[in-house]
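Single-letter residue listing:
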Amino acid sequence: MSVSPDAPVLFFDSGVGGLSILAPARKLLPNMPVIYAADSAGFPYGTKSEAEVAARVPALLGRLVERYRPRLVVIACNTASTIALSVVRSALEVPVVGTVPAIKPAAEQSRTRVIGVLGTNATVRQPYVDRLAAEHGADCTILRHGSADLVALAEAKLRGEPLDPNVARNALDGLLGQPGGDKMDVVALACTHFPLLLEELTAASPRPLTFVDGGAGIARRIDYLTQGQQWPEACEPGVAVFTRVDENTRALAQSLHNFGLDRIEAL
Ligand code: DGL
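Residues numbered from 1 in each chain as written. Predicted model: local features only at pLDDT ≥ 70, side-chain atom pairs only at ≥ 80, totals over all residues. Heavy atoms only, no water.

1. Thoughts on the environment of Ser49
Looking at the secondary structure, you find Ser49 in the loop between strand 2 (34-38) and helix 2 (50-68). Separated by 37 residues in sequence, Ser49 and Ser86 have C-alpha atoms that sit 17 Å apart. (Helix = DSSP H or I, 4+ residues; strand = E, 2+ residues; numbered from the N terminus.)

2. Here's the deal with the site of the ligand
Around the ligand there are 14 residues in total, and Ser14, Tyr45, Gly46, Thr79 and His193 lie nearest to it. A distance of 2.8 Å is found between an oxygen atom of the ligand and a backbone nitrogen or oxygen belonging to Thr192. Burial of the ligand by the protein amounts to 99% of the accessible area it has alone, namely 300 Å². (Near = heavy atom within 4 Å. Polar contact = N/O pair within 3.5 Å; in protein donor to acceptor, adjacent residues only side chain to side chain. Areas by Shrake-Rupley, 256 points an atom, 1.4 Å probe, with all protein chains shown as cover.)

3. Regarding the packing of helix 1 (residues 19-28) against helix 10 (residues 215-225)
Contact pair helix 1 / helix 10: the axes reach a minimum separation of 8 Å and the direction vectors enclose 50°. As far as their axial angle goes, helix 10 and helix 1 are oblique. Considering only the axes of helix 1 and helix 10, their crossing is right-handed. Facing helix 1, whose interface residues are Ser20, Ile21, Pro24, Ala25 and Leu28, helix 10 presents Gly215, Ala216, Ile218, Ala219, Arg220, Ile222 and Asp223. When the residues that make up the contact of helix 1 with helix 10 are grouped by side-chain class, the tally is 8 nonpolar, 2 polar and 2 charged. (Axes fitted to C-alpha atoms, helices over the stretch in contact; angles between N-to-C directions. Parallel < 35°, antiparallel > 145°, perpendicular 65-115°, else oblique. Left-handed = near helix turned anticlockwise from the far one by under 90°. Contact = heavy atoms within 4.5 Å. Nonpolar A, V, L, I, M, F, W, Y, C, P; charged D, E, K, R; others polar.)

4. A few points about the state of the cysteines
Within this structure, the stated rule accounts for 0 disulfides. Free of any disulfide, Cys191 has its nearest cysteine sulfur in Cys77, 6.8 Å distant. In this structure Cys191 comes out as buried when scored by relative accessible area, which is 5%. (Disulfide = S-S within 2.5 Å. Buried < 20%, exposed > 50% of the residue type's maximum accessible area, 1.4 Å probe, protein only.)

5. Details of the layout of surface pockets
Volume-wise, the largest pocket comes out at about 630 Å³. Looking at the largest pocket, it is lined by 26 residues, and the ones nearest its centre are Gly98, Val100, Gly214, Gly217 and Ile218. Of all the secondary-structure elements, those providing two or more residues to the lining of the largest pocket are helix 3 (78-91), strand 4 (96-97), helix 4 (103-109), helix 6 (127-136) and helix 10. With 6 residues, the top contributor of residues to the lining of the largest pocket is helix 10. (1 Å grid on protein atoms, 1.4 Å probe; cavity = no way out; pocket = protein on both sides within 12 Å on 5 of 7 lines; lining within 4 Å. Points joined across faces, edges and corners; volume = space filled by probe spheres on them.)

6. Here we look at the environment of Pro165
Mapped onto the secondary structure, Pro165 falls in the loop between helix 7 (148-158) and helix 8 (166-176). Spatially, the C-alpha atoms of Pro165 and Ala203 are 9.0 Å apart, while their sequence positions differ by 38 residues.

7. Some thoughts on unusual backbone geometry
Cis geometry is adopted by the peptide bond preceding Pro44, which originates at Phe43 and carries an omega value of -5°. When you line up the elements, Pro44 lands in the loop between strand 2 and helix 2. Located in the positive-phi region is Arg69, a residue other than glycine, with phi close to 45°. Despite not being glycine, Arg113 has its phi angle at roughly 65°, a positive value. Within the element layout of this structure, Arg113 appears in the loop between helix 4 and strand 5 (114-119). On the basis of relative accessible area, Arg113 is assigned to the partly exposed category, the value being 24%.

Below you can see the structure in the form of structure tokens.
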């Protein structure tokens, strides 16, 4: 069956993190109609149990797919992907792209063979990360650290609030302070909120570190999976849909606009 040019691509995260995945995808596919869904009522995911995330994400995506009929779903969240990707894939009829920790590109770029994985607490303990580490970084020491404060900092940044500079430094210290941390040269930003803090992380680094994330790879994957499909003639503003709309959501309006999302809806 052919896909209608107006059928959107649906990006899903607990909060604003998925915007770091949306941005490179929009750059590659400028006329892509976008639904950006944030589970603000369930935010944050990173401090939840596997069971909570696994119960929440497939159910919500089922409702979102029914409402917006996307051509493709992007789980723009490492926590949700490392826990629930296979369940979501088997439950939905549309193709699903996940976001998994960028250990492969990190290992490709590391000279010292010591890489950091900075994610949420839930992500860094997933067996999915062990598998990626074994597959792509078998000759590397892989340090892991989870930071819920950094997730909150990214949300605050996009609401335009003043930021505590210690948060980024503390998160990096969580990696640098581990055995082998003195040799770490590349950090995989394994939470989609963190590329939104690239400036803050770079400024907080005590020495130059290379930060990598999965955004560009996911954009290429969306492009590949939609090859041969039609897109609208012009770029239409996207829709941001939240599971809870409150003053925090309204404070995001300017940032959402900067990412091409001009309408806010409640699920
Ligand atoms: N942005 C999410 C991730 O990539 C999760 C942040 C959170 O809700 O804790 O893991």
